[in-house]
Amino acid sequence: MAADRRSSWLKGVLDLLVLSCLTEGESYGYEISKALAEAGLGEIKGGTLYPVLNRLEEAGLAVGEFRVAERGPGRRYYHLTEAGRRHLATETDAWLDFHTAVKTMLHTGGTTR
Amino acid sequence: MNTDPTTYFDELSTALRTAGVAEAQIASTVAELTGHLAETGTAPEEEFGPAAVFAAQLGGTAPAAGAPVAEAETWTWTADIYSDRHLLAVHGDEGWEVERLDTLGRFVCRRVPGSAMRWEYRRELISGRRRARVLAELEPEGWEMCGEWVLYAYFKRPKAASEGPAAELATLPAKPKGWLYLSTRGRWMLAAWATLLVFLGTAYLIGALHMPSYVAALIATSGAAAAAYGTKRDLVKGTDDGKTTAKAR
């Protein structure tokens, strides 16, 4: 049940979380999923992550570049575009406003412990 | 479950090709996903879900790079519980994807001309402890919850998951003009309840009932409760007479 809840919550914010993984520089799918797991957001499967990366790329918020590796399969590295950076800043503000409203509401409802 | 990467990526490539994704993009996607599996050490279907479903989410519905993007059509409609499943099947076959239920419980749908695909739907009771069990059964099969209403929820899945390339939609029927669909049973129930309300209201106003207003309110409430009980019973039984009788208002 906890996993179901987390998966519902993530739906609204996963795009932003993925974008935020690119603010420090480029990254690739597996590294992004690891960063999200280490941040306590749970395991994000490839079946969820890659459609998000595709959407971000189609929207011009991130750009992917495939590089062949010397050993093993290649990787597609993603980096933020300027539009992606602006989008992340704006939407982060909107999400934090929403988060504050939820927090206030839950606390008002007597769940402050 | 498909655990062989070669078979899985063959299936994925075919599904992406059917959806019009360019060969170069398919090759780069497969290479990227192969690299991902090499690092996670998981089986492809465990990591990405069924190939056809994943293809649809991944880019099967996305227009090729450089192609003009068609504007999505939107349509909001509703039906009673006796006709909803039949109508969802009909409209899913016409490419309508339910995005959510709005606050009135109506289906909010969208369809993108040029990249629309067929959808299939199911309705499941999810009250109480059933919820976790239903989700655990349906999600691995590619079903995604697209709306929840009191006791039950609707799930959607691209038909490509069960029918493969046959699920492709070449031409789109026109957007329906109606928005309210009531089955014969739904119309009778609505009419009976409205008649009872009108009768009680009128009788009360002309003072013909000779009964305190709380008795009239009690009768109306009992009628509503009986209707709610009957509706729940029909939901559990899965009663559906919408195939032949649902009409758009």
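Structure's up top.
Below is a short write-up of the structure. Treat the numbers as computed from the prediction; the structure is a model and nothing was measured. By convention here, each chain's residues receive numbers from 1 onward along its written sequence. Note on labels: chains are lettered from A, ligands numbered from 1, in written order. In keeping with the predicted nature of the model, local features appear solely for residues at pLDDT of at least 70, side-chain atom pairs appear and are counted solely at 80 or more, and the whole-chain, interface and lining totals rest on all residues. Excluding hydrogens and water, the side-chain figures rest on all heavy atoms present in the structure.

## So, the overall build of chain B
Thought 1: Here a helix means four or more residues in a row that DSSP labels H or I, a strand means two or more in a row labelled E, and each is numbered from the N terminus. Secondary structure summary: chain B contains ten helices and eight strands in total.
Thought 2: Buried residues are those whose accessible area, probed at 1.4 Å on protein chains only, stays under 20% of the maximum for their type, while exposed residues exceed 50% and partly exposed ones sit between those limits. Going through the 249 residues of chain B one by one, you find that 42% of them count as buried.
Thought 3: Two residues form a contact once any of their heavy atoms are found within 4.5 Å. Across chain B, contacts joining residues at least 24 apart in sequence account for 70% of those joining residues at least 6 apart.
Thought 4: Accessible surface is estimated by sampling points in the Shrake-Rupley manner with a 1.4 Å probe; for residues, cover comes only from the protein chains shown. In the structure as shown, chain B presents an accessible area of about 13100 Å², 59% of it carried by carbon and sulfur atoms.

## Comments concerning unusual backbone geometry
Residues and elements named next belong to chain B.
Thought 1: Of note in this structure, Val150 is not a glycine but carries a positive phi near 55 degrees.
Thought 2: Position of Val150 among the secondary structure elements: in the loop between strand E5 (144-149) and strand E6 (152-158).
Thought 3: Using a relative accessible area of 72% as the deciding quantity, one classes Val150 as exposed.

## Examining the nonpolar core
Thought 1: The criterion is simple. A nonpolar core is a set of buried Ala, Val, Leu, Ile, Met, Phe, Trp, Tyr and Cys residues joined through side-chain atoms within 4.5 Å. One finds Val18 of chain A together with Phe9, Leu12, Leu33, Phe48 and Phe54 of chain B to be the most contacted residues of the largest nonpolar core, which totals 35 residues.
Thought 2: Those elements that place two or more of their residues in this core are helix H2 (14-20), helix H3 (29-41), helix H4 (46-58) and strand E3 (75-80) of chain A together with helix H1 (5-18), helix H2 (23-40) and helix H4 (51-60) of chain B.
Thought 3: The residues touching Phe54 of chain B, leaving out its near neighbours within four places in the chain, are Gly46, Gly47, Tyr50 and Pro51 of chain A together with Tyr8, Leu12, Leu33 and Phe48 of chain B.
Thought 4: Counting 21 residues, the second-largest nonpolar core is a separate cluster that includes Trp77, Tyr82, Leu88 and Met117 of chain B.

## A word on empty space enclosed by the protein
Thought 1: Both cavities and pockets are sets of points on a 1 Å grid over the protein atoms alone; in a cavity a 1.4 Å probe fits but cannot get out, in a pocket the set is open with protein on both sides within 12 Å along at least five of seven lines, and lining residues sit with an atom within 4 Å of a point. Grid points are joined across faces, edges and corners, and a volume is the space filled by probe spheres set on the points. Taken as a whole and judged by the stated rule, the model has two cavities of 30 Å³ or more.
Thought 2: Its boundaries defined by the atoms lining it, the largest cavity holds a volume of some 50 Å³.
Thought 3: Every residue lining the largest cavity is listed: Tyr28, Gly29, Tyr30, Tyr50, Arg75 and Arg76 of chain A together with Glu32, Gly35, His36 and Glu39 of chain B.
Thought 4: Mapped by element, the contributors of at least two residues to the lining of the largest cavity are H3 and E3 of chain A together with H2 of chain B.
Thought 5: Class assignment of the residues belonging to the lining of the largest cavity gives a composition of three nonpolar, three polar and four charged. Three categories are distinguished: nonpolar for Ala, Val, Leu, Ile, Met, Phe, Trp, Tyr, Cys and Pro, charged for Asp, Glu, Lys and Arg, and polar for the others, with Gly belonging to the last.

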